[in-house]
Amino acid sequence: MIDQINGMTRTCGLIGNPVEHTLSPVIHNSLASRTGINLVYVPFHVEEGGLENAVKGAYDLNILGMNVTVPYKTKVMEYLAEIDDDARRIGAVNTLVRVPGGYKGYNTDLSGLYRGMVSDGIRIEGETVIILGAGGAGKAVASLCAAKGAKKIYILNRSLDKAEELACSINREFGRDIVIALGISEYGRIEEDSCLAIQTTSVGLHPDVDVSPVDDRDFFEKIHTGIDIIYKPAETKFMKLVKVHGGNAYNGLKMLLYQGIIAYELWNRVEVDENTAGWIYSLLKE
Ligand code: ATR
């Protein structure tokens, strides 16, 4: 947090509902103090129906940038001046950057996931990747893995039709049969023995119900590295099972960290170094 708000203070914020438990103010206000930029970051609770006014009002109030969270990541696209190509392809925006006449929408969730993986030394290129889930997050992660050179991608989903639809759309987009759709318990059809797995379903979000979308030993024996994009709880059942079977497990906290850092870099036209990123990460883990 900066020491003193004054006439030169830049304002950024978060639009969502709910916003009470967000960690984004920790990321951005700590970045402001560390990088010496006169900026404050404030969460704004926006009711359904108020989104358009919130975006237009933010622009009129000279707000530099916004993050957008649940449930507005798709809906907000209707109110933007421009949309970055990756965000349009994914169909979701989590960061608004002020441009002449309105805001430009970006998706830093996905670039954040990738930068977090790079910082942990996790490769996608040449890997066989298993993605659990075919919702909005699964779609974005599948598209990232195809773009970053995965050798093969298996999408496992409770509803097979959604996995098939997603596989078709990515295979069409990338012009090759890189993605295979399977039902959630069809992991026996995965040919490879050493895979990267990314858990994108909402299973595991509730700390008091310790479950994983798959819990079979035959599945986890194939996994050398497992990432759960959930960061609360800090260790999901999926992660525990990856570790029990000898793999390395990561939660979604790095993704959260880097989506924030990339947004901060876009707003302020700066680069955040890895020391600063590490310091913010330690604050988030507290
Ligand atoms: P998001 O945008 O966060 O990905 P979503 O679009 O609602 O959210 O998708 C939720 C994902 O979690 C889906 O893949 C969903 O599976 P279905 O497509 O079959 O609904 C998955 N999911 C949710 N609850 C689940 C459960 N109890 N078991 C297995 N998968 C589940």
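Definitions and limits used
- Residues numbered from 1 in each chain as written.
- Predicted model: local features only at pLDDT ≥ 70, side-chain atom pairs only at ≥ 80, totals over all residues.
- UniProt positions renumbered as here; feature names shortened; annotations may be inferred.
- Core = buried A, V, L, I, M, F, W, Y, C linked by C-beta atoms within 7 Å.
- Buried ≥ 20, exposed ≤ 12 C-beta atoms within 10 Å, placed from the backbone.
- Helix = DSSP H or I, 4+ residues; strand = E, 2+ residues; numbered from the N terminus.
- Contact = placed C-beta atoms within 7 Å.
- Arc of directions from axis to C-beta.
- Pairing = 2+ DSSP bridges.

Per an unreviewed UniProt entry, the chain goes by Shikimate dehydrogenase (NADP(+)) and derives from Anaerobium acetethylicum. Check the Subunit (unreviewed entry) section of the UniProt entry for the chain; it says "Homodimer." If you open the UniProt record of the chain and go to Function (unreviewed entry), you find "Involved in the biosynthesis of the chorismate, which leads to the biosynthesis of aromatic amino acids. Catalyzes the reversible NADPH linked reduction of 3-dehydroshikimate (DHSA) to yield shikimate (SA)."

Below, the discussion takes up the nonpolar core. Core analysis: the biggest nonpolar cluster contains 82 residues, and Met66, Val129, Ile131, Val141, Ala142, Ile153 and Ile155 have the highest contact counts within it. Take this core: its biggest share by element is 10 residues, from helix α9 (residues 253-268). When sequence neighbours within four positions are dropped, the list of residues in contact with Val141 reads Leu113, Ile131, Ile198 and Thr200.

Take helix α8 (residues 237-244) next. Within α8 the residues assigned to the buried category are Phe238, Met239, Leu241 and Val242. The arc that holds every buried residue of α8, seen down its axis, measures 165 degrees, which confines them to one face. Buried residues along α8 sit against β10 (195-199), α7 (217-220), β11 (223-228) and β12 (248-250). In the stretch just after α8, Gly246 is the one whose phi turns positive, near 90 degrees.

Turning our eyes to something else, we now look at the pairing of strand β5 (residues 95-99). Bridge count for strand β3 (residues 65-68) against β5 is three bridges, and the pairing is antiparallel. Of the residues in β5, the one forming a bridge with Gly65 is Val97. In the sheet, β5 pairs with strand β6 (residues 102-106) via five bridges, with the strands oriented antiparallel. The residue of β6 that forms the bridge with Val99 is Gly102. Where β5 folds back onto β6 in an antiparallel hairpin, the turn is made up of two residues, including Gly101, whose phi is positive at roughly 90 degrees.

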